[in-house]
Amino acid sequence: MTPKPTPGPARQAQYRRPDASMSLLINIMDHSLDEGYAEATARRAVRGQGTALSRAPGARLVVMLGVGLIAAVVTMAAIQVRIAAPQAEKERRDLIARIHTRETTADQLEKEVAALRDQVDAMQDKNLTPDEIERVNLLALLTGADPVEGPGLKVVVDDAAQSDGADGANKDPRAAEDLANGRVLDRDLQRVVDGLWQAGAEAIGINGQRLTALSAIRAAGASILVDNRPLSPPYTILAIGNGKKMQVAFQDSSDGRYLHALSERYGIRATFATQKSIKLPAAIGIQLRAAQPAGAPPAPAQSAGPTQAPGPSGTPQTGTVSPTPTSGAPATPGSKAPATPRNSTSPPKNGKSATGAATAHPSNNAAARDSAPTPEEGLA
Amino acid sequence: MIAVLGLALGVVVGFFARPVIPHELEPYLPIAVVAALDAVFGGLRALLDGIFDDKVFVVSFLSNVVVAALIVFLGDKLGVGAQLSTGVVVVLGIRIFSNAAAIRRHVFRA
């Protein structure tokens, strides 16, 4: 029995192409030309016509329209892309311009506030007894309502040297963690400021921003905000007080050792310098939160005093207008008078201001600092 | 000759009409461009093969655009618009490349 030749399909299976399993790809590659062209040519051959282009002018028109349509689509797309890019850029510029205008407006309003505050101060001075003026001035110094000048200590804290190029494009991802470690964080600044208060600073400013008992030092993304204003490194912390004493006291404190450890371990740079004269501006955005009528205390001349006090208890007869909570108030001579802010009843040394902390932002760590500033000769 | 005239006409129309493309149609523009390129290369190859046909050229272009847009539209509705447009671009891209290779063989004999 001779073996019969196997039927068709099985034979074909023997000669299967090696790439048969990739039929989809083969199909796409082999039939890249529309099959309509071949069919149209076959039809024409049957009818005995020539090529399409040799036919009537109608064919030429159709080709022209087709090519024109394609060209129009491509041109439209190109224009669309070109238009879209500058538009995004324009929107961005618009936004930036708007931010700048708002910033200017805010600055202007701040200036206005300062001018008005000066006016209030002048009216206060006119209507208060010398004793009370002294008290108000002292409170204003401690709360940051007035600009101050005096000798003190200058602490400059900066990111570690290698993190200078952190914003550059050629960042090595492996070095990113090192860079992050070498960056001064908000809590570092908080500890430095706390340490300075503890070391006897009477007034502190960071990069020209006066700190008050309610100032918040916190982080937003990569930048540090003090009272919601962004700072950029290096951070210059100016503290008014006895410079040398403060430096020694600070460096001996736990916060000083913390800063030292930071520079040892992560390369964060910190320099100290005593200064003969430091000028600190008044704190911005101080609000009057508590005031007491001047009825009971022995201050008869005050009923006509400045009454622009929009405080919670703001009766028209507000007597002594003193900017709110001062954690340092307990140590002042004013604490014996009845018209001092309420929180002056809190025990000294543990200066957590009762009214202040309650109204402060949750992350307002700086408000909870231990502080017991004593008025020293440094205040101008 | 006639094709060059049509090309110039199309560019001029596209340029000066400054068509405001509705926002909903914007995602389909790239697809339309790829389909148009596919039609151009297909037509050119057919011309060189000597089997060019005007009707097939125009109809294949229009139908390719419509089908591609339909696929992307459906994909958008189903939440896979990006993947489906990638698929359309891949298929048309392969066709463009193999047509371009055929044209190259015709022109350069290589």
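Throughout this document, residue positions are counted from 1 along each chain, in the order its sequence is written. Labels follow written order: the first chain is A, the first ligand is 1, and so on. With pLDDT at 70 or above as the cut-off, local features in this predicted model cover only qualifying residues; side-chain atom pairs require 80 or more to be listed or tallied, and sums for whole chains, interfaces and linings still use all residues.

As recorded in an unreviewed UniProt entry, chain B goes by Small basic family protein and comes from Yinghuangia aomiensis. The UniProt entry for chain B carries this comment under Subcellular location (unreviewed entry): "Cell membrane". UniProt positions are given in the numbering used here, feature names are shortened, and annotations may be inferred rather than shown by experiment. Check the Sequence similarities (unreviewed entry) section of the UniProt entry for chain B; it says "Belongs to the sbp family."

Chain A is annotated in an unreviewed UniProt entry as DUF881 domain-containing protein from Yinghuangia aomiensis. A UniProt comment under Sequence similarities (unreviewed entry) is attached to chain A, and it reads "Belongs to the UPF0749 family."

Peer 1: Just checking my understanding: could you explain the interface of chain B and chain A for this structure?
Peer 2: Put simply, an interface is often sized by how much accessible area is lost when its parts join up. On the side of chain A, 33 residues touch chain B, which itself brings 39 residues to the contact. Counting from the N terminus, the helices are the DSSP runs of H or I reaching at least four residues and the strands are the DSSP runs of E reaching at least two. Of all the secondary structure elements, the ones that give two or more residues to the side of chain B that touches chain A are α1 (2–16), α2 (28–49), α3 (54–78) and α4 (81–108) of chain B. If one sorts the elements of the side of chain B that touches chain A by residue count, α1(B) sits on top with 11 residues. In terms of residue class, the side of chain B that touches chain A is built from 26 nonpolar, 8 polar and 5 charged. Note on contacts: each residue gets a C-beta atom placed from the backbone, and two residues are in contact if those atoms are within 7 Å. Gly falls in the polar group here, along with every residue not listed as nonpolar (Ala, Val, Leu, Ile, Met, Phe, Trp, Tyr, Cys, Pro) or charged (Asp, Glu, Lys, Arg).

Peer 1: Looking at this model, I keep getting lost on the environment of B:V59. Mind explaining?
Peer 2: All names here are of chain B. Locating V59 in the fold gives a position in helix α3. Among the residues examined, V59 registers 16 C-beta atoms within 10 Å and is labelled partly exposed. For V59 and A39, which are 20 residues apart along the polypeptide, the C-alpha to C-alpha distance reads 9.5 Å. Three exposure classes are used, all based on how many other C-beta atoms lie within 10 Å of a residue's own C-beta (placed from the backbone): buried at 20 or more, exposed at 12 or fewer, and partly exposed between those limits.

Peer 1: Sorry, what's going on with unusual backbone geometry here?
Peer 2: Among all residues except glycine, the phi angle is most often negative; among peptide bonds, the trans geometry is most common. Residues and elements named next belong to chain A. Within the chain, N207 stands out as a residue other than glycine whose phi angle is a positive 45°. Tracing the backbone through its elements, the reader meets N207 in the loop between β2 (203–206) and β3 (209–210). For N207, a count of 16 C-beta atoms within 10 Å translates into the label partly exposed.

Peer 1: Help me understand the UniProt feature "coiled-coil region" (unreviewed entry) in chain A, please; the structure alone is not making it clear to me.
Peer 2: Look at the UniProt record and you will see "coiled-coil region" (unreviewed entry) annotated at residues 99–126 of chain A. Along residues 99–126 of chain A the backbone is 100% helical and 0% strand, and the end-to-end C-alpha distance reaches 41 Å.

Peer 1: Any chance you could explain the UniProt feature "transmembrane region" (unreviewed entry) in chain A here in plain terms?
Peer 2: Following the UniProt record, the feature "transmembrane region" (unreviewed entry) maps to residues 61–85 of chain A here. In residues 61–85 of chain A, the share of helix is 100% and the share of strand is 0%. The end C-alpha atoms are 36 Å apart.

Peer 1: Which parts of the structure should I look at to understand the pairing of β2(A)?
Peer 2: The side chains of a regular strand alternate between both faces of the sheet. Residue and element names in this part refer to chain A. Because side chains alternate across β2, one face comprises the buried residues A203 and G205, and the other comprises I204 and I206, equally buried. A pair of strands is treated as paired once DSSP finds two or more bridges between them. Sheet topology note: the β2/strand β7 (residues 235–240) ladder contains 4 bridges and is antiparallel. Across the sheet, the residue bridging to A203 is I240, located in β7. In this sheet, β3 lies alongside β2 in antiparallel orientation, the contact comprising 2 bridges. By the bridge assignment for β3, G205 is matched with R210. Once β2 ends, the chain turns through 2 residues before running back antiparallel as β3, passing N207 with a positive phi of about 45°.

Peer 1: Help me understand the UniProt feature "transmembrane region" (unreviewed entry) in chain B in this model?
Peer 2: Residues and elements named next belong to chain B. The residues that UniProt annotates with the feature "transmembrane region" (unreviewed entry) are residues 27–44, 56–74 and 80–103. End-to-end, the C-alpha atoms of residues 56–74 are 26 Å apart, and along that stretch the chain is 100% helix and 0% strand. Secondary structure across residues 80–103 divides into 96% helix and 0% strand, with the first and last C-alpha atoms of the span separated by 35 Å.

Peer 1: What am I meant to see in the sheet that holds strand β4 (residues 217–220) of chain A here?
Peer 2: Residue and element names in this part refer to chain A. With antiparallel pairing, 3 strands are arranged side by side in an open sheet as β4-β5-β6. The sheet is open, and its two borders are formed by β4 and β6 (229–231), each paired with just one other strand. For this sheet, the mean angle separating the axes of adjacent strands, direction not counted, is 40°. As paired strands, β4 and strand β5 (residues 223–226) are joined by 4 bridges and run antiparallel to one another. Pairing of I217 across the sheet is with V226, part of β5. An axis is simply a line fitted to the C-alpha atoms; with a helix, the fit covers only the stretch in contact. Between two such axes, the angle follows the N-to-C directions and lies from 0 to 180 degrees. Each of β4 and β5 touches helix α7 (residues 186–198); the most contacted strand, β4, lies at about 170° to it.

Peer 1: Help me understand the sheet that holds strand β8 (residues 269–280) of chain A, please; the structure alone is not making it clear to me.
Peer 2: Remark on secondary structure: sheet strands pair via backbone hydrogen bonds, oriented parallel or antiparallel. Taken in spatial order, the 5 strands make up an open sheet running β3-β2-β7-β1-β8 (chain A), and their pairing is antiparallel. With partners counted over all chains shown, the strands left at the sheet margins are β3 and β8 of chain A, one partner each.

Peer 1: Please clarify how the confidence of the model for chain A should be interpreted in this entry.
Peer 2: Interpretation of the predicted coordinates at a detailed level should be avoided for regions scoring low in pLDDT. Residue and element names in this part refer to chain A. The quantity called pLDDT is the predictor's confidence in a given residue, expressed from 0 to 100. Averaged over every residue, the pLDDT of chain A is 70; residues scoring 70 or more account for 66%. When the criterion is pLDDT under 50, residues 163–171 qualifies, and its contacts beyond four places in sequence or with other chains add up to 5 contacts. Note on residues 299–380: pLDDT is under 50 here. Beyond four places in sequence and across chains, it has 207 contacts.

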